[in-house]
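Coordinate inspection notes
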Number of protein chains: 2
Amino acid sequence: MKFLMEHEVKEILEEHGIKTARCKFVESEDEAVDAAREVGFPAVPVVMKVASRKIVHKSDTGGVVLGIRNEEEVRRAFRRLMAIEGAEGVNVQPMLEMGIEVIVGVSENQQFGSVIMFGLGGVFVEVLQDVSIRLLPLTRRDAVEMIKEVRGHKLIEGFRGYKGDFNALVDLLLKVSKVVEEENIIEMDLNPVFVYEKGYAVADARAVVGERKSFRRKLSRDELFRLFYPESVAVIGASRTVGKPGYNIVWNLKQHGFTGKVFPVNPNADRILDYRCYPSILDIPDDVDVAIIAVPARIVPEVMEQCAEKMVKGVVIVSSGFSEEGEVGAEYERKVLEIAKKNGIRVFGPNTTGVLNTDNSFITTFAKMPVIKVGKIGIVAQTGLFLGIMMAHVATNHPSIGFSKVVGMGNKADVEDYEVLDFLLDDRETRVIGMYVEGIKNGRAFYEVSKQAKKPIVVFKSGRSIYGQKAALSHTASICGDDEVFDAVCRQANITRVYSFEELFNVTKAFSLQPLPRGDRVALIHYTGSGCVQGADAIYFSNLKLAEPEKETIERISEVTPEWHMVNNPVDIWPMVEYNGIYRAYDTAITALLEDDNVDSIIVAIWAGVEIAEPTYSPDFKKIKEYGKPIYFVVEGMREAVFETKNNYELNEFPVYPDVITAISVLGKVTDYAKRLFRE
Amino acid sequence: MKFLMEHEVKEILEEHGIKTARCKFVESEDEAVDAAREVGFPAVPVVMKVASRKIVHKSDTGGVVLGIRNEEEVRRAFRRLMAIEGAEGVNVQPMLEMGIEVIVGVSENQQFGSVIMFGLGGVFVEVLQDVSIRLLPLTRRDAVEMIKEVRGHKLIEGFRGYKGDFNALVDLLLKVSKVVEEENIIEMDLNPVFVYEKGYAVADARAVVGERKSFRRKLSRDELFRLFYPESVAVIGASRTVGKPGYNIVWNLKQHGFTGKVFPVNPNADRILDYRCYPSILDIPDDVDVAIIAVPARIVPEVMEQCAEKMVKGVVIVSSGFSEEGEVGAEYERKVLEIAKKNGIRVFGPNTTGVLNTDNSFITTFAKMPVIKVGKIGIVAQTGLFLGIMMAHVATNHPSIGFSKVVGMGNKADVEDYEVLDFLLDDRETRVIGMYVEGIKNGRAFYEVSKQAKKPIVVFKSGRSIYGQKAALSHTASICGDDEVFDAVCRQANITRVYSFEELFNVTKAFSLQPLPRGDRVALIHYTGSGCVQGADAIYFSNLKLAEPEKETIERISEVTPEWHMVNNPVDIWPMVEYNGIYRAYDTAITALLEDDNVDSIIVAIWAGVEIAEPTYSPDFKKIKEYGKPIYFVVEGMREAVFETKNNYELNEFPVYPDVITAISVLGKVTDYAKRLFRE
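It should be emphasised that the depicted structure is a prediction, and the values quoted were computed from it without experimental measurement.

This part is about the interface of chain B and chain A. Of the residues lining the interface, 73 residues belong to chain B; the matching set on chain A comes to 73 residues. Carbon and sulfur atoms supply 65% of the area that chain B and chain A bury against each other, a total of about 6,400 Å² over both sides. Where the side of chain B that touches chain A is concerned, the elements lending two or more residues are helix 4 (123-126), helix 6 (153-157), helix 12 (384-397), helix 15 (466-476), helix 18 (529-541), strand 27 (545-546), strand 30 (631-637) and helix 22 (639-651) of chain B. Top element by residues in the side of chain B that touches chain A is helix 18 of chain B. It accounts for 10 residues.

Right, here's the structure in full:
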């Protein structure tokens, strides 16, 4: 690591085409006078600054002298500056014309590597914390977005005599990105930079060069394939006792209908359920692809040695008692990892529910799990218990939501999030990936894999606040990192960020069932006027547009409504239902909007249950699917009727939400993803 | 209305003790020179400004000359300013020392009357829209809050050489509040005001005086009492045909067990259900307190005349076809109102589901309605269909939530929101009021009633965005008003604002069942580590504090957990459940936290259903209630088990939420209410 002095930094910047207030580094009064003359003095006033690798805030120590106009002042300033403790010399530079003050900073993030920060100077950064952040390197779009993201950017667009050169600023950010990569910059501060109507100039700069943090990235799709698609599985620690984890694992494999061979391992049993039992994995007469390990932590290293001997390709360690339970457990974990590395065995866990693959019904979970519907959602979650519980919750509360693969990561001793993410991105059965994370171990790899994704990735990250970070640390020793950086990662990699488990399922469901909208113009059909008002608000606040249907569309819908009723978007469908019945009303409105080129997506709210509108409306799913335009439904009403209707709709691939605000908020996230995707 | 000139405004302000840069209004060069001398020139430089009732933005027209130091400059400036079109004279004032620039504005709002706006000048107001708003008159607390609410207030607290006199600013706002009341100010702009380390000075000012908007307020508790507690009810338009609205009304009265007399009116029927039928209301041999009117709109005026003759005290008009359906309907509505006013009949609706009173089982709804549980929540909702539907939804999905009175307001031709609100605030059976509103007709009355409330009021207002406002206008012709003003109303009147129907029920439920927290320190018990992390985040983002339990509390809980497990808040209870069973684990942790003075409220998450933790935990409700400390529960798990468990808990007066984030967000709102209440 090497701290560069201002003139050194500016030299490097200039070499890369970045405009600076070039400064001369001088070590004597006479040199100072010469330097002042060289930069234009006395016509141009000069600034003199103390030069030191030790002084970060020059102004605070009186290390900056402005507006110097004659030789005597130069000499006096030099003497004063050299008297400052730590002074190594003095920089002389022409005094810049004032412009809009901005700040560009570069630093290294533990999880994600080089990060760039941009903000307007003065109150914007210091009072309002009005900054934007991105990972390096930047694309042009990143640079444009990060400038527009700060609230104060209106000053650059022009305000009260201020105006800044937007394009020059974009250029500056892109060049900084390049400098960081090429010159091994670990840390850099350009503060302030003056932005003018034409161009800009870096007034002050400091930097640290050195070895930048590097991140390895394993390509492990084939290795993971074997863990998801084993032909034969050993369950080490299988149990005959109903309800025990070692029993449940075998029960789940049988109940879900795992397509491969199952070999329970237990020295004290002959058979477990329908399967023949073996005293040890070494006694199994067949090859074993994957071992599910459910024995106490202290025995696991020994079992791992046997797995190695048996040439097992992967293991899922469901047992707890490892690093999450203190030092003794951490030692077991280290041993396990060592054996795994030596023998090329990939490990899920420990302390995890492991894998659920609905494609071959492979399941390693130790709690009895209802059969999960086959579908297109892949799930990766940090913690095992949470995931197990949530999948049981989903299976009973939302039985119509289908999954391709579900993975509980546990302690992530070996296999990491980004590897599973990469595997799922390549998996034919998976259309969208939902993730729950607290800390991300190798954030840079996660970012790079995400950035290349051709499928939507939806992430619920907790550990966002100081409270949550503390709780995560005591829970899985996860380092959560800076939430603002993670936000930047999501924007740059077009990751959809959500803020609850429910939202994770709501959004992945939409992605998995419906096509992407081609634009942001939304039509809404609701059976109450209030629903229309609430929905219109939600459209606005979800950054969508209220579609303006074609004249013909309004006319078509108006044919089924009473004369006094003015049709509009949102469509208040109640008068139509009263006058023409539920089928004619909804069918007419939905078809008209599907055929309207001014409409990109449709939200339809219906009531399920007796008395208000009977029977419950059910569209011609096949027909409305043909238009290839996304429709999300809202079903409200009586508890059982809602449940049945929702299941019916979702089995027909139309997602259902409990209220119009939720549905539109999901559509907002999906549309945002689509807009960024299509823009690329 | 009269526009005041700068010197007139400043005179008024000075009379009320507000410090201004006093200016002299002059009409000749000589007067100008005298005035300049008077204010301190040539020692103090002066500012001269064009004086005109027509010119609002003086700077834009070159109407301000700064830094005038000698007589010649005074004369030249005078001539230049008088040449500006519309000039009536010139103001001469001493040039002020620069300070922190702030803006104080007063205007009149259609719904709520006088409103005051505060912001920092320059980029803060114009680029960042960083302003705060309150209704006038202000209390000291309002003034303090509105200064602290703007993001730029840190400048006043002290930043980079800036510092402003906070107390002087509070004083200024309070005095402005007084001026507006006493001088009949309709509009006023103090812009800029310079705030100094000591004191402030109003540099420029304009104002309009005139007749301020006045708001009537009816006191109608007794009148409304008769509408909620009739002893006899006529159903005009009662029907024998099953499923018709006129049938359902009678069916509901019977099914819910209305305690008064019921007289169906239908010339073609002898009996409907168990009740004897009459050809007209005039044929009923008994007194009639309330008539429920369900005949077509065009007949309603005639029916109203009959009601007047029968000396009916109130009517609920459930029929639609009035002002919401255009001009013809609006004419019917006017006639109805005229008859009502003349005869002292109070009217709910038209176009409404009307009243539901669980105290006497009085119900006027025209859709078959499941019986609603008796409880302490009062609901007022703008629209009838929406309310009817939502109550049916609540009755089947959340049968454990209890209500006192539920009112659908409909077109609000006569009875308005604030009257019902006022009635419910006085109603013994009601502990909390939940409201759904789009537009508020008499906002000032609503505000004043709310401000005096001794019960929590929770409001879901839609029509917040331009889209929603347009939809509301076409739906009920409601003027929604400015959302920022409504936000100010909520803050000033300690109204809890929510953003969905679900949230309205979640929050009113908590208020209705549990005591208020005495502070903001929250303890959380969760059965997964991830739940703890998510909950900790939610505590942070809900503006709550993570409680720091006493040492003794941690020790007590640690006794039931394995040695490796470090107990902390949030309490990850899973290891305790595994080692000591669900009852010992939860009972120990809950009791310890209830007895801890560092804990103000507790969130407890449990799992309901088989396999993960059996049996489902159920606390000793009576015992934990005795502590008088709020506990909210989170129940996740298998669908039916969750439903049953939730109902069981809530019937025992402990509210249940579907996830930890929702529960904590509710607690955040309740705690915010309590903090404001206790501070008063």
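Of the transformation placing chain B onto chain A, the axial shift is 0.1 Å and the rotation is 180 degrees, giving an RMSD of 0.1 Å. The symmetry that links the two subunits is that of a two-fold axis. Comparing interface residues between copies, 99% of those in chain B also sit at the interface in chain A, which points to an isologous, same-surface contact.

For the rest of this paragraph, the subject is the environment of Ile100 of chain B. Residue and element names in this part refer to chain B. Mapped onto the fold, Ile100 is located in strand 6 (residues 100-109). Among the residues examined, Ile100 registers a relative accessible area of 4% and is labelled buried. In sequence terms Ile100 and Lys646 are 546 residues apart; their C-alpha atoms lie 55 Å from each other. Beyond its immediate chain neighbours, meaning those up to four positions away, Ile100 contacts Leu120, Leu155, Ile156, Tyr162, Lys163, Gly164, Val193, Phe194 and Val195.

What follows concerns the side chain of Thr364 of chain B. All names here are of chain B. Along the polypeptide, Thr364 turns up in the loop between strand 20 (362-363) and strand 21 (374-381). For Thr364, a relative accessible area of 0% translates into the label buried. Reaching out from Thr364, the side chain makes a polar contact with the backbone oxygen of Thr353 at a distance of 2.7 Å. Those residues in contact with Thr364, other than ones at most four positions away along the chain, are Ile249, Ile292, Val316, Val318, Thr353, Gly354 and Val355.

It is worth spelling out the sheet that holds strand 22 (residues 403-408) of chain B at this point. Residue and element names in this part refer to chain B. If you trace the 7 strands from one edge of the open sheet to the other, you get 20-19-22-21-23-24-25, paired in mixed fashion. The sheet terminates laterally at strand 20 and strand 25 (496-498), the two strands that pair on one side only. Pairing of strand 23 (residues 432-437) with strand 24 (residues 457-461), which is carried by 5 bridges, proceeds in the parallel orientation. Bridge pairing links Val437 to Lys461 in strand 24.

Residues and elements named next belong to chain A. Taken as a whole, this structure holds 42 aromatic pairs over all chains when the rule is applied. Look at Phe263 and Tyr278: their rings are 5.9 Å apart centre to centre, the planes differ by 70 degrees, and that puts the pair in the edge-to-face class. Here Tyr278 lies in the loop between strand 15 (275-276) and strand 16 (290-293) and Phe263 lies in strand 13 (residues 261-265), a separation of 15 residues in the sequence. With a relative accessible area of 8%, Phe263 lands in the buried category. Ring geometry for Tyr583 and Tyr617: centres 5.1 Å apart, planes at 55 degrees, overall tilted. Placement of Tyr583 in helix 20 (residues 574-594) and of Tyr617 in the loop between strand 29 (601-608) and helix 21 (621-625) is noted, with a sequence separation of 34 residues between them. On the basis of relative accessible area, Tyr583 is assigned to the partly exposed category, the value being 34%.

Another point: a negative patch on the surface. Residue and element names in this part refer to chain A. A surface patch of like charges, here negative, comprises Glu302, Glu305, Glu309 and Glu338. The element that contributes the greatest number of residues to the negative patch is helix 10 (residues 300-309), accounting for 3 residues. Counting through the fold element by element, Glu338 comes out in helix 11 (residues 327-343). Under the relative-accessibility criterion, Glu338 is labelled exposed at 55%.

Calculation rules
- Residues numbered from 1 in each chain as written.
- Chains lettered and ligands numbered in written order.
- Predicted model: local features only at pLDDT ≥ 70, side-chain atom pairs only at ≥ 80, totals over all residues.
- Heavy atoms only, no water.
- Contact = heavy atoms within 4.5 Å.
- Buried area = accessible area lost by both parts, 1.4 Å probe.
- Helix = DSSP H or I, 4+ residues; strand = E, 2+ residues; numbered from the N terminus.
- Least-squares fit on C-alpha atoms with pLDDT ≥ 70 in both.
- Buried < 20%, exposed > 50% of the residue type's maximum accessible area, 1.4 Å probe, protein only.
- Polar contact = N/O pair within 3.5 Å; in protein donor to acceptor, adjacent residues only side chain to side chain.
- Pairing = 2+ DSSP bridges.
- Phe/Tyr/Trp six-rings, centres within 6.5 Å; stacked < 30°, edge-to-face > 60°.
- Patch = residues over 30% accessible without salt bridge, like charges linked within 9 Å, V, L, I, M, F, W, Y side chains within 5 Å.
- Areas by Shrake-Rupley, 256 points an atom, 1.4 Å probe, with all protein chains shown as cover.
- Salt bridge = Lys/Arg side-chain N within 4 Å of Asp/Glu carboxyl O.
- Lys, Arg positive; Asp, Glu negative; His and termini not counted.
- Charge placed at Lys NZ, Arg CZ, Asp CG, Glu CD.

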